[in-house]
Number of protein chains: 4
Amino acid sequence: MDKVRIGIVGTGYIGNVHGRIYARDERAEVAALFDIIPERMAETAKHIGGRICASREELLDNCDAVLVCAPNKTHPEIAAAAVAAGKHVFCEKPFAIGIDEAASLLAVANSSDKVFQVGHSRRFAPLYVKLKELLANDAPHSAHIKMNRGELLQPPWTGDTNVTGGFLYETTIHFLDQLRFQFGEVEELIAYGSRHEYPEIDEFSVIFRFRNGFHCTFASSADAGWMFPFERIEVFCHHRTIVAEEMLKLFDGRGTNADYATHSFHMLDDDTRKGFVAEDAAFISSILDGTPTAVSADDGYKAVELVEAVYGSIRTGERVRF
Amino acid sequence: MDKVRIGIVGTGYIGNVHGRIYARDERAEVAALFDIIPERMAETAKHIGGRICASREELLDNCDAVLVCAPNKTHPEIAAAAVAAGKHVFCEKPFAIGIDEAASLLAVANSSDKVFQVGHSRRFAPLYVKLKELLANDAPHSAHIKMNRGELLQPPWTGDTNVTGGFLYETTIHFLDQLRFQFGEVEELIAYGSRHEYPEIDEFSVIFRFRNGFHCTFASSADAGWMFPFERIEVFCHHRTIVAEEMLKLFDGRGTNADYATHSFHMLDDDTRKGFVAEDAAFISSILDGTPTAVSADDGYKAVELVEAVYGSIRTGERVRF
Amino acid sequence: MDKVRIGIVGTGYIGNVHGRIYARDERAEVAALFDIIPERMAETAKHIGGRICASREELLDNCDAVLVCAPNKTHPEIAAAAVAAGKHVFCEKPFAIGIDEAASLLAVANSSDKVFQVGHSRRFAPLYVKLKELLANDAPHSAHIKMNRGELLQPPWTGDTNVTGGFLYETTIHFLDQLRFQFGEVEELIAYGSRHEYPEIDEFSVIFRFRNGFHCTFASSADAGWMFPFERIEVFCHHRTIVAEEMLKLFDGRGTNADYATHSFHMLDDDTRKGFVAEDAAFISSILDGTPTAVSADDGYKAVELVEAVYGSIRTGERVRF
Amino acid sequence: MDKVRIGIVGTGYIGNVHGRIYARDERAEVAALFDIIPERMAETAKHIGGRICASREELLDNCDAVLVCAPNKTHPEIAAAAVAAGKHVFCEKPFAIGIDEAASLLAVANSSDKVFQVGHSRRFAPLYVKLKELLANDAPHSAHIKMNRGELLQPPWTGDTNVTGGFLYETTIHFLDQLRFQFGEVEELIAYGSRHEYPEIDEFSVIFRFRNGFHCTFASSADAGWMFPFERIEVFCHHRTIVAEEMLKLFDGRGTNADYATHSFHMLDDDTRKGFVAEDAAFISSILDGTPTAVSADDGYKAVELVEAVYGSIRTGERVRF
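Residues numbered from 1 in each chain as written. Chains lettered and ligands numbered in written order. Predicted model: local features only at pLDDT ≥ 70, side-chain atom pairs only at ≥ 80, totals over all residues. Heavy atoms only, no water.

Q: Can you break down the overall build of chain A residue by residue, with the values?
A: The number of helices and strands found in chain A is 11 helices and 15 strands. Against the 2.2 N^0.38 benchmark of 20 Å for 322 residues, chain A shows a C-alpha radius of gyration of 20 Å, consistent with a compact globule. Taking the principal axes of its C-alpha atoms as reference, chain A extends roughly 60 × 40 × 35 Å. By residue count, 64% of the 322 residues in chain A fall in the buried class. (Helix = DSSP H or I, 4+ residues; strand = E, 2+ residues; numbered from the N terminus. Rg over C-alpha atoms; globule rule 2.2 N^0.38 Å. Buried < 20%, exposed > 50% of the residue type's maximum accessible area, 1.4 Å probe, protein only.)

Q: Give a description of the pattern of salt bridges that names residues and reports values.
A: Residues and elements named next belong to chain A. Within this structure, the stated rule accounts for 100 salt bridges over all chains. Close ionic contact of Arg-209 with Glu-187 constitutes a salt bridge, the shortest N to O distance being 3.4 Å. Taken together, the residues span a long stretch of sequence, with Arg-209 in strand β9 (residues 203–210) and Glu-187 in strand β8 (residues 186–194) at a distance of 22 residues. The exposure class assigned to Arg-209 is partly exposed, which follows from its relative accessible area of 28%. Since its relative accessible area comes to 28%, Glu-187 is described here as partly exposed. Salt bridges sharing common partners tie together Arg-123, Asp-177, Arg-180, Glu-185 and Asp-299. (Salt bridge = Lys/Arg side-chain N within 4 Å of Asp/Glu carboxyl O.)

Q: Explain the relation of the copies chain C and chain D residue by residue, including any values.
A: Relative to chain D, chain C is turned by 180 degrees and slid 0.0 Å along the rotation axis, the superposed coordinates differing by an RMSD of 0.0 Å. These values place the two chain copies in the arrangement generated by a two-fold rotation axis. In terms of proximity to the rotation axis, the leading residue of chain C is Thr-217 of chain C, whose C-alpha is 3.0 Å off the axis. Comparing contact sets, 100% of the residues at the interface of chain C also lie at the interface in chain D, consistent with an isologous, same-surface contact. (Least-squares fit on C-alpha atoms with pLDDT ≥ 70 in both. Contact = heavy atoms within 4.5 Å.)

Q: Let's hear about helix α2 (residues 38–48) of chain D: which residues, and what values?
A: Of the residues making up α2 of chain D, those classed as buried are Met-41, Thr-44, Ala-45, His-47 and Ile-48 of chain D. The arc enclosing the buried residues of α2 of chain D, seen along the axis, measures out at 165 degrees, which places them on a common side. Buried-residue contacts for α2 of chain D involve α2 (38–48) of chain B together with β1 (4–9), α1 (13–22), β2 (28–34) and β3 (51–52) of chain D. Positive phi appears at Gly-49 of chain D, one or two residues downstream of α2 of chain D, with a value of about 80 degrees. (Arc of directions from axis to C-beta.)

Q: Requested: an account of the relation of the copies chain B and chain D, with residues and values cited.
A: In the superposition of chain B on chain D (RMSD 0.0 Å, axial shift 0.1 Å), the rotation amounts to 180 degrees. In this assembly the copies share their binding face: 100% of the residues contributing to the interface of chain B also contribute to that of chain D.

Q: Break down the packing of aromatic side chains for me, citing the residues and quoting the values.
A: Aromatic rings in a pair are described by how distant their centres are and how their planes are angled relative to each other. Counting across every chain of the model gives 48 aromatic pairs over all chains. Where Phe-95 of chain A meets Phe-116 of chain A, the ring centres are 5.9 Å apart and the plane angle is 75 degrees; that geometry is what we call edge-to-face. Of this pair, Phe-95 of chain A sits in the loop between β5 (88–92) and α5 (99–111) while Phe-116 of chain A is found in strand β6 (residues 116–119), placing the two residues 21 residues apart along the sequence. Exposure class is identical for Phe-95 of chain A and Phe-116 of chain A. Each is buried. Taking the centre distance of 5.3 Å and the plane angle of 75 degrees together, the rings of Trp-226 of chain D and Phe-230 of chain D count as edge-to-face. Joined through ring pairs, the aromatic side chains of Phe-167, Phe-204 and Tyr-311 of chain A make up one cluster. Here Lys-132 of chain C stacks its cationic end above the ring of Phe-181 of chain C, 4.7 Å away from the centre of that ring. (Phe/Tyr/Trp six-rings, centres within 6.5 Å; stacked < 30°, edge-to-face > 60°. Lys NZ or Arg CZ within 6 Å of the ring centre and 35° of its normal.)

Q: Outline the confidence of the model for chain A, supporting the account with residue identities and numerical values.
A: Mean pLDDT for chain A: 95, with 100% of residues reaching 70 or above. For this predicted complex, the interface confidence reaches an ipTM of 0.95, while the overall pTM sits at 0.94. (pLDDT = per-residue confidence, 0-100.)

Q: Residue-level account of the interface of chain C and chain D, with values.
A: On the side of chain D, 55 residues touch chain C, which itself brings 53 residues to the contact. Where chain C abuts chain D, roughly 4,300 Å² becomes buried across the two surfaces, and 57% of that area is made up of carbon and sulfur atoms. Counting the surface chain C buries against chain D, the share from its top three residues, His-144, Tyr-192 and Met-227 of chain C, is 18%. Close ionic contact of Arg-232 of chain C with Glu-234 of chain D constitutes a salt bridge, the shortest N to O distance being 2.9 Å. In this assembly, chain C and chain D are joined by 33 residue pairs in polar contact (both at pLDDT 80 or more). Of the residues in the side of chain C that touches chain D, the class split is 19 nonpolar, 21 polar and 13 charged. (Buried area = accessible area lost by both parts, 1.4 Å probe. Polar contact = N/O pair within 3.5 Å; in protein donor to acceptor, adjacent residues only side chain to side chain. Nonpolar A, V, L, I, M, F, W, Y, C, P; charged D, E, K, R; others polar.)

Q: So what about the state of the cysteines? Which residues, and what values?
A: Per the counting criterion, the structure on display carries 0 disulfides over all chains. Looking at the unpaired Cys-91 of chain A, the closest cysteine sulfur is the one in Cys-69 of chain A, lying at 8.9 Å. (Disulfide = S-S within 2.5 Å.)

As structure tokens, this is what we get:
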């Protein structure tokens, strides 16, 4: 294969992000688009190219790799069809809604000999890569983490659980995946939640404990406003505090004075800073060079498992152990 | 009574803070000092005045009100003796170490017809007063709170549980009292802890749920370094985030854009900004004018109860309900 | 005219910025491209469309409006040719290099009955629009302004005065235009400069006095590194300080305490936040609706005049009066 | 001499600052106080000790070293009398008001064989000491400096030129001294000023050029409000920006990315952070150990010279060369 022919199912916001990156990637070619809203597909084609397909079948016939960028609830069915057609698959997060769907898709993905990558893009954000590097050279004790998305209704469908599967399946699931990326496997969690402005739980207080003994608090609010930063990870090590704010600034304070170093990511363009560029490059490298999948179906499954465990703990009032 | 004659037991850091404030207060007079380290007492007298007493009895004979500023473990015995002598009592935090001692002192305090105030000074910090005012006019949903003290061994005795009663009895107890001050009575908590650098638990992850349904995460680390801010309260309301940092800055972001107002407390002198000036004035007003005690023995007891509940939850692995 | 047919001369960074904005604008159509580097033009066409022209004449034959996005030194000649061909012209900053070229182009532009807009995009940045609104309702006394670009050699041609016309013609000229936009006409300036790392003056200290009596300091450094913010305007009014940082944050502190409001522009996408979207919309509105030109040839000329006056003052050691 | 017997003339704010530091200094003794307001002197004596003197003569008879802490205009006469009495002298800034008074006092000080130190305390602030250390190991190109004091009338006498000698003689003179401390001798300056809210010039824009070729902008506003930071020094070196804010934070950004280190001074107590503790220790060391005077009468004179040169340049419209 010379260039990977990319087919994009779903040409909304995130489909366009990946599309414009691949349109500039010499190892890829935007080959095919499919969307149930034809106007949106046509508009996308103007900017990134690609054959406008009348059906998913037509798309599958015209690409080597499928990007699943349709609404959350449709991911498993589309991804499974792509696997069945022998395609490499990039499945946007969330991997699936609910543990049953996730388990089914995991089985399908594991049966494939093609690449299957899940869209937890924050793993590729330069700030989080740097954070992992700092933590790998220290022994973190505990952490204090938050993700307040702002407002569920922007855009409006983000407040519709029939589309999203629930608030945690939106941006927060990125952070649940980050927990595993940065700190290892979760052993146990307990969660409290409440409902205020939306017809679903919109405020979360959670504690996670990991197999290595590490533990952290985790807060997520659907209704907090948009004051920066809305994502922060604050890690406590031996005489050291490391704080990550918004993929923009990473503060590293060591020792027993108040000095600290700042790693700053302001100067990167948005797609690079948020990890999309490196994420998309990794997918192509796995296809062309056989590098291991950066975010596997198993990672996707486990993020869903964490979402469901948080909801379950709130429902039952019990801890969830893994 | 014209001026309240103040007697200070314990002339270390905090005894000197109150002493220098009362030395400038027209309604008070620093009348007597007692400390088991005579040199420290003599040095203090040079700066704030006051009779150097050879015994606690001599001090009690020469004052109307006693400030209990000796090490944590000695608070109940000294405070009880002062009550028994018919004195007004200002008892530094913590009110007591352990629930039994706290219950005994509560009974003693309740039996007194004099003023009994507990030293939870952050209630008087202008920033926290302002925060309470903002929250009183809104309906907070949840919060994300941390207090990393830096290092247990500065000064060295702060790492000695025989002196402190445990890390949470040091600065963190101020924050546990703040929870009640800002959000009401706690109904339930669950805590995780771990031990890393000191011979006691030094990392804490806690969730509190309140009677009014409000819930929050709470992290405290004994070993985090001294990077600012080491205290932060982040409250999520309806399309609003309010963030308090370090008694210095209070950010208030409302609505669905990213704008916010900043209330800044940099310009206040340290004693005012940290609440000591207002705290000491409140004590005198209760004595001279009969204003209600600002921080009661019951408040002191409940802060101890929260500390012990956190330790208890870590020990048993169970929630604690109140 | 239904849609304005846009022709872009120069398909480097800034040509692509305008191109991708017009590619999404219903009132415009990217109709023609011309660049002396064919590969760059072909790559651009893939993303924003437009006829690939073999000559400037071909471009002029296929558009209603010309965007002059080629290197600085070529602006006057290209813009004059477009005017001569009866086209509307959007001329990127700088308007020209040197006062003679600027005067010639001004005469040409004034002779045209078509729209002629100069690319001082910061006038359209929402932060600077807001700043102007705040200042319009107050009476500014003085200001303290800086623009440190970072490093001349990124990209390398920015350090070549044969391309740029001099460091001040690069980003700093935006700020010289801002001075007029925010504070009115300059009456007098005096400048000091020095040369350190590059074969041209790379450090500038300037004072401007305006006709209305307002005065300000102004520093610009070519070699300062990239620490944020690299642009800041700090205005002093009656018991009020207003600080603009980096088109991201606008702080407004009033009265005799230390409180302030923050207007935050983080959430806008880059093209909107930097003013390009509003700038390009204004150009189309002037063409289709006859709204006055937002940044006139006269504005472009005066920015060049300020650049040359700063260089002149450094050379002669004298003030320059206007 | 065992302990230096300190006499303090003027027991207002700054007299009390030095007094409370010396009251804790084992090498010094607060021996005598004199003030024309007896109540203030008595109140001060309560806190820091010292004989309450009925006349300056009585004070001179009872001390080895005199601290001149009375209002600005009285400094030369009091300092000269202390020199005449053979005392070591610590003269608060400003050294004098006007160049004639400054020259007279310089002659007097130079005729003394005792220590004569001027109160430019910011030279001792740990942040500015650190800044000097960083700059000593680099080659600064230019700088951008501001000092907006907030409001002239807080306290009210700061707006009375009969007391202060003019706004620049208040806090701004500290910064003029800093220029010499950090960057060497000034060769030339030019200043613009305007008058808005007070019966004296209250807004200043200045450029300084130094003998070593370094140049900087300098803004000072009397009427800006109290938004932090009100003092900032921003130095541009080779691919490096160093920013000092408010004696609290020192940012050091190097190289061609946006990372930087932060030296933080929050944790120091006020008297240490502002340099008073080290300043007072230096005075005693010069007396007891013969260490060179840290801030000489010549330094005091030159700061006055810079103040007068700024006023002179505004008056005449001409540069001032030294």
